[in-house]
Amino acid sequence: MMAVRLVIGLGLTILTLVFAGRRVWWLYTLIRSGQPTGGRTADVGARLRTQLVEVFGQRRLLRWTIPGLAHFFTFWGFVVLITVYIEAYGVLFDEQFAIPLIGHSPVLGFLQDFIALAVLASIITFAVMRVRQAPERRQRASRFYGSHTGGAWLILFMIFNVIWTLFLFRGTEVNNGTFPYRSGAFASDGAAALLAPLGAGTNQILETVGLLLHIGVMLAFLIIVLYSKHLHIFIAPINVAAKRMPKALGPLLPMESGGKEIDFEDPGEDDVFGRGKIEDFTWKGMLDFATCTECGRCQSQCPAWNTGKPLSPKLVIMDLRDHLFAKAPYLIGDQAVPDHSDVDVLALAAGNGHHVPESGFGRVPGSGPEQATRPLVGTAETGGVIDPDVLWSCTTCGACVEQCPVDIEHVDHIVDMRRYQVMIEAEFPTELGTLFRNLENKGNPWGQNQSARMDWAKGLDFKVPQLTDETLPADVEYLFWIGCAGAYDDNAKRTVRATAELLHIAGVNYVVLGDGETCNGDPARRSGNEFLFQMLAQQNVEVLNMAFEGREPGRRKIVTTCPHCFNTLGREYPQLDGHYEVVHHTQLLNQLVRDKRLVPVPAADGPAVTYHDPCYLGRHNEVYSPPRELVGASGAQLTEMPRHGDRSMCCGAGGARMWMEERIGKRVNLDRVDEAIATGTSAIATGCPFCRVMLTDGLTTREAEGTAANQTEVLDVAQLLLTSVKRSAPTPPIGSE
Ligand code: SF4
Ligand code: SF4
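Thresholds applied
- Residues numbered from 1 in each chain as written.
- Chains lettered and ligands numbered in written order.
- Predicted model: local features only at pLDDT ≥ 70, side-chain atom pairs only at ≥ 80, totals over all residues.
- Helix = DSSP H or I, 4+ residues; strand = E, 2+ residues; numbered from the N terminus.
- Rg over C-alpha atoms; globule rule 2.2 N^0.38 Å.
- Buried ≥ 20, exposed ≤ 12 C-beta atoms within 10 Å, placed from the backbone.
- Contact = placed C-beta atoms within 7 Å.
- Near = placed C-beta within 6 Å.
- Nonpolar A, V, L, I, M, F, W, Y, C, P; charged D, E, K, R; others polar.
- Expected span 1.5 Å × (residues − 1).
- Pairing = 2+ DSSP bridges.
- Right-handed = clockwise from strand over helix to strand, strands pointing away.
- Domains from an automatic or database assignment.
- Axes fitted to C-alpha atoms, helices over the stretch in contact; angles between N-to-C directions.
- Core = buried A, V, L, I, M, F, W, Y, C linked by C-beta atoms within 7 Å.
- Arc of directions from axis to C-beta.
- Parallel < 35°, antiparallel > 145°, perpendicular 65-115°, else oblique.
- Left-handed = near helix turned anticlockwise from the far one by under 90°.
- pLDDT = per-residue confidence, 0-100.

**A word on the overall build of the chain**
Helix and strand counts for the chain come out as 30 helices and 10 strands. The C-alpha radius of gyration computed for the chain amounts to 30 Å, which stays within 12% of the reference 27 Å derived for 737 residues, consistent with globular compactness. Expressed as a percentage of its 737 residues, the buried residues of the chain come to 47%. Taking the intrachain contacts of the chain between residues at least 6 apart in sequence as the baseline, contacts between residues at least 24 apart amount to 78%.

**Description of the site of ligand 1**
As a structural note, the neighbourhood of ligand 1 is formed by 15 residues, with Cys 302, Pro 313, Cys 394, Cys 397 and Cys 400 the closest of them. For the shell around ligand 1, the elements supplying multiple residues, two or more each, are helix H13 (303-306), helix H18 (399-403) and helix H19 (410-423). Tallied by class, the residues present in the shell around ligand 1 amount to 10 nonpolar, 5 polar and no charged.

**Thoughts on H19**
The end-to-end C-alpha distance of H19, which contains 14 residues, comes to 20 Å, matching closely the 20 Å that a straight helix rising 1.5 Å per residue would cover. Where burial is concerned, most of H19 is hidden: 13 out of the 14 residues are buried.

**A short note on the site of ligand 2**
The full set close to ligand 2 counts 14 residues, and Cys 292, Cys 295, Cys 298, Lys 314 and Cys 404 are the nearest of them. Ranked by residues supplied to the shell around ligand 2, first place goes to helix H14 (residues 313-332) with 3 residues. Residue composition of the shell around ligand 2, grouped by class: 8 nonpolar, 3 polar and 3 charged.

**Some points on the pairing of strand S7 (residues 608-611)**
As paired elements, S7 and strand S8 (residues 637-638) share 2 bridges and run parallel to each other. Each residue of the ladder has a partner; that of Ala 608, found in S8, is Gln 637. Taking the sense of rotation as the criterion, the β-α-β connection linking S7, helix H27 (residues 625-633) and S8 turns out right-handed.

**Points about unusual backbone geometry**
Here the amide bond leading from Met 245 into Pro 246 is cis, since omega sits at -5°, within 30 degrees of zero. Following the sequence through the fold, Pro 246 ends up in the loop between helix H10 (232-241) and strand S1 (256-257). The backbone of Gln 58 shows a phi angle near 55°, a positive value even though the residue is not glycine.

**What to know about the domain arrangement of the chain**
By convention, interface size is frequently given as the accessible area that disappears when the constituent parts associate. The domains assigned to the chain are domain 1 (2-32 + 64-227), domain 2 (256-423), domain 3 (438-594) and domain 4 (608-727). Placing the centre of domain 1 and that of domain 2 at their C-alpha centroids yields a distance of 35 Å. The interface is formed by 12 residues belonging to domain 1 together with 18 residues belonging to domain 2.

**Points about the sheet that holds strand S5 (residues 557-560)**
Within the open sheet, the 4 strands sit side by side as S4-S3-S5-S6. Their pairing is parallel. Strands with a single pairing partner mark the edges of an open sheet, and in this sheet they are strand S4 (510-512) and strand S6 (581-584). Strand-to-strand, the axes of this sheet are offset by a mean angle of 30°, without reference to chain direction. Where strand S3 (residues 478-481) meets S5, 4 bridges bridge the pair, whose relative direction is parallel. Of the residues in S5, the one forming a bridge with Trp 481 is Thr 560. Seen against the sheet, helix H25 (residues 563-572) touches S3, S5 and S6 and runs at an angle of roughly 165° to S6.

**With respect to the nonpolar core**
Leu 502, Leu 589, Leu 720 and Leu 721 are the most contacted members of the largest nonpolar core, which totals 140 residues. Not counting residues within four places of it along the chain, the set of residues in contact with Leu 720 comprises Val 609, Leu 630, Val 631, Ser 634, Ala 636, Ala 685 and Leu 715. Counting residues in each nonpolar core, the second largest holds 31 residues, with Val 91, Leu 120, Ile 123 and Leu 211 among its members.

**A closer look at helix H20 (residues 430-442)**
An α-helix turns once every 3.6 residues. As a result, residues three or four positions apart point the same way. Look at H20: 19 Å from first C-alpha to last across 13 residues, which is about the 18 Å you get at 1.5 Å a residue. Buried residues of H20: Leu 432, Leu 435, Phe 436 and Leu 439, and no others. For H20, the buried positions fall inside an angular range of 95° around the axis, keeping them on one side. Set apart from the buried face of H20 by more than 90 degrees, the exposed residues are Thr 430, Gly 433, Arg 437 and Asn 441. On its buried face, H20 is in contact with helix H23 (522-526) and helix H24 (530-547). One or two positions beyond H20, positive phi appears at Gly 443, with a value near 75°.

**Some details on the environment of Ala 718**
As for its placement among the helices and strands, Ala 718 is situated in helix H30 (residues 717-727). When the 28 C-beta atoms within 10 Å are taken as the criterion, Ala 718 is described as buried. Distance from Ala 718 to Phe 19, taken between C-alpha atoms, is 63 Å for residues 699 residues apart in sequence.

**Regarding the sheet that holds S7**
An order of S8-S7-S9-S10 is seen for the 4 strands of this open sheet, with the pairing classed as parallel. Among the strands making up the open sheet, the edge pair consists of S8 and strand S10 (713-716). For strand S9 (residues 683-686) and S10, the ladder comprises 4 bridges, and the chain directions are parallel. Across the sheet, Ala 683 pairs through a bridge with Glu 713, a residue of S10. The strands that helix H29 (residues 689-705) touches are S9 and S10; relative to S10, the one it contacts most, it runs at about 170°. The sheet strands contacting H30 are S7, S9 and S10, and the helix crosses S10 at an angle near 85°.

**A look at the packing of helix H11 (residues 283-291) against H14**
Direction vectors running N to C along H11 and H14 enclose 105°, while the axes themselves pass 8 Å from each other. Viewed along their axes, H11 and H14 adopt a mutual orientation that is roughly perpendicular. The segment H11 lies against H14, with Met 286, Asp 288, Phe 289 and Ala 290 engaging Ile 317, Leu 320, Arg 321 and Leu 324. When grouped by side-chain class, the residues that make up the contact of H11 with H14 number 6 nonpolar, no polar and 2 charged.

**Observations concerning the packing of helix H3 (residues 65-80) against helix H5 (residues 106-132)**
Axis separation between H3 and H5 bottoms out at 8 Å; the angle between their running directions is 140°. Of the possible angle classes, the one that applies to H3 and H5 is oblique. You can see that H3 and H5 cross each other, and the crossing is left-handed. Where H3 abuts H5, its residues Ile 66, Pro 67, Ala 70, Phe 73, Thr 74, Trp 76, Gly 77 and Val 80 lie against Leu 111, Gln 112, Ile 115, Ala 116, Ala 118, Val 119, Ser 122, Thr 125, Phe 126 and Met 129. In terms of residue class, the contact of H3 with H5 is built from 13 nonpolar, 5 polar and no charged.

**With respect to the pairing of S9**
Across 3 bridges, S7 lies against S9 in parallel orientation. Directly across from Thr 610, in S9, lies its bridge partner Ile 684. In this region the chain leaves S9, passes through H29 and returns to the parallel neighbour S10; the handedness of that crossover is right-handed.

**A short note on the environment of Trp 164**
Structurally, Trp 164 can be placed in helix H7 (residues 149-176). Along the primary structure Trp 164 and Thr 396 are separated by 232 residues, whereas in three dimensions their C-alpha atoms are 45 Å apart.

**A few points about the confidence of the model for the chain**
Mean pLDDT over the chain works out to 93, with 95% of the residues at or above the 70 mark. Note on residues 732-737: pLDDT is under 50 here. Beyond four places in sequence and across chains, it has 6 contacts.

Below you can see the structure in the form of C-alpha cells.
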C-alpha cells in the first residue's frame with residue numbers, strides 16, 4: 001500500500017509541476033514583456049507594511065464585512081492548511097510522519113481543524129452570495145455581471161473537495177493509529193467516529209484513498225488556478241507589493257515611454273504617447289490585468305456603470321486581459337501578428353455565453369487570432385477591445401481603485417489610453433475640442449477673458465489683497481488660489497467670496513494672483529491632453545515659483561476652494577518642480593475655528609444638511625473630516641447619504657466629463673441629487689465648485705419636474721460657516737490673531 005501511495009502521489013505531483021512550471025514561465029515572460037516602469041520597489045519598509053496589512057490582514061477585503069470575513073478565513077485556510085499538505089507528503093514516505101517540533105502539538109491540530117471548518121463556512125457564504133447576486137436575475141445590479149461565474153463555482157467546488165478529502169484522510173488516520181495529534185483535532189476525531197463503524201480494513205484502504213484524493217485535488221486545483229482568474233491567489237501579493245504608493249489616486253503619473261519620463265519640450269523620436277496597443281502597457285499594467293479576481297467591487301461602485309453607461313472598470317480590465325493573453329504568442333513568441341481585418345468580431349461575440357453587450361459591445365472571449373488582432377480602442381464596427389464610449393464615460397472618480405482588493409490601477413490605465421487617442425489619433429468627443437481651444441487660447445475652460453478673473457470680488461465691503469509684485473510680501477501667509485470656476489462660475493463665485501470674507505474676519509494675511517492665474521490643467525490632463533497640461537502647468541509653476549521666491553518649505557502656502565486645484569497644485573506640480581503646501585479651504589477654515597479665530601454661532605434650530613464628498617477631496621486626497629466638522633460647527637444637522645466617505649458617489653464632473661455631453665443612461669448628477677433629496681434635508685453642502693455646478697443643475701431639473709422641494713439649495717461649506725460666524729457679535733477685529 002505504501003508503495004502504491006508513493007508512486008501515485010509523487011507521479012501526479014511531478015506531472016503537475018511540469019504543467020504548472022510551463023504556465024508560470026509563460027506568465028512571467030508575458031508580464032516581463034511589458035514596458036519598464038520605475039518606482040515600484042522604492043520604500044521597502046512601507047511596502048512590507050502594506051503586505052502585512054493588505055495581504056495578511058486582508059484590510060481592503062474586510063471593508064465589506066461578510067464577504068471580507070469569508071475571504072479572510074479562506075486566505076488563512078490556504079496558509080494554515082499548507083501544514084496538512086506537508087503531513088500528507090510526509091505520510092507518502094512514512095505513515096507515522098509528523099512535522100518536526102510542532103507536529104504533535106494539540107494547538108496545531110486544533111488550528112488545522114478549526115480553519116478547515118471556517119473555510120467550509122466561508123465557501124457556503126460565498127455560494128449564498130453568488131446565488132443572491134446571480135447576474136442572470138439581477139442583471140447589471142449584480143457585481144458579478146460579466147464575470148466568469150462558471151469558473152467561480154468550479155473553484156468553490158474544488159475548495160469543498162479539499163476540505164472533505166482532508167477529513168477523510170485525517171479521520172481514517174485517527175482510526176488507524178497514524179494520526180499525529182492525540183488531542184485538539186476535534187473535527188478529525190468527529191470524522192473518525194463516523195468512519196470507525198466501517199471496520200479496520202476499510203479504514204486502511206480509505207486512508208490511502210483519502211490521502212491520494214487530498215493530494216490529487218490540490219494538484220488539480222493548482223492547474224485550475226494557474227489557468228483561470230484565480231491566478232490572483234498567487235499573484236495578488238506581488239501586485240500589492242508593486243502598487244503605487246500610497247495608492248493609485250491623487251496625482252496622475254508623469255508620462256513615460258520605454259521607462260523614461262517624456263520630455264515634452266524635446267520628445268524623443270521613438271517616444272510612445274500613452275497606450276495605443278496592449279504592448280504599450282507597462283509590466284505593472286499587465287500584472288494588473290492578470291491579477292483581477294472579477295469580484296466586481298469596482299463595478300458595483302462605478303458611477304458610470306450604475307447610471308447605465310457601458311463602462312465597467314472590471315470589464316475594462318477583463319477585456320484587456322483577454323486581449324493580452326490572446327496576443328501573447330506574438331508578443332513573446334516568434335509569430336508575426338496575422339491579418340484578420342476581414343473577421344467579423346461582432347459575429348464572434350454574439351452568442352458567446354454570458355457576454356456584456358452594454359460594455360460597448362459583447363466581449364469577445366477566447367484567445368484566437370481574431371481576439372489578438374483587435375485594435376485596442378475602437379467602435380463595434382472596428383472591433384476595438386475598448387469601445388470609445390467606455391473610455392470616455394470615466395469620471396476618474398477613483399471609486400474602482402479605492403475598492404479594488406488587489407490594488408489594480410484602473411484610472412491610470414484609462415487615462416493612458418485617452419492620452420494615445422487624443423495626442424496620436426486625435427480621436428475624442430467633439431466637445432473636448434472646444435475645451436482644448438479655450439484652455440489654449442484663454443487659459444480657462446469657459447473661454448472667458450483673463451481680465452474678468454477678479455470680478456468675483458466686486459461688491460465685497462473690503463478690498464481683496466492682490467499680488468502687485470512678482471514675489472509675495474514677507475508678511476503674507478497664504479496665496480489664495482481662486483481657480484477658473486471661482487473666477488467665472490456664478491455659484492462658485494459665492495464660495496470664494498464667502499472664503500475671502502472668512503479669511504478677512506479671521507485676520508489671515510493672504511493675497512490672490514488675479515489675472516496672474518491660469519487653469520491648473522486638470523481637465524486637459526484627465527482628458528488625455530498631456531501636451532496642454534504641461535503647457536498650462538509650466539506657466540503656473542513659473543508664476544508660483546516666482547511668487548514664493550526665497551521662501552523655504554513650510555512657508556510656500558496655498559489655499560484653494562477647488563479640490564482639482566488642490567490636487568493638481570499640491571500633488572502634480574512637484575512633477576514640474578513646483579513644491580507648495582496646498583490646503584483646501586475646508587481644512588484651513590476648520591483650523592481657524594479650532595484656533596478660535598473664527599467663532600461660529602450655531603442657530604438654535606440648525607438646518608438639516610447632507611454633505612456630498614467631492615471625489616478629488618475625499619477619495620483622491622482623503623479629506624473627509626474637516627468639511628463635516630465645519631458643517632457641525634455651523635450648527636447644521638448633518639444627515640449622511642447612503643453613499644458617503646470613501647464610497648461616495650461622484651457628481652459626474654471629474655475626468656473632464658464636466659465638458660462633455662452625457663448621452664447614455666441616467667445623468668450621474670441626477671442619480672446623486674436623487675440620493676440627496678431622499679435624505680429629506682433642506683441643503684446639500686459640498687466643497688467643490690464643479691460638484692456644486694452638477695448638483696445645482698440636477699436639483700434644478702428635479703425641481704422643474706416637481707420631485708424636489710423648491711427650498712432645497714446647494715451650498716459650499718464655507719457659506720454655512722460664514723452664516724454662523726456672522727451671527728456672532730461683535731465681529732472680531734480684522735487682523736486679530
Ligand atoms: S474612476 Fe470612477 S468612473 Fe472611472 S471606471 Fe473607476 S469607478 Fe468608474
Ligand atoms: S475590484 Fe479589482 S479585482 Fe475586483 S473586479 Fe474590480 S478590478 Fe478586478
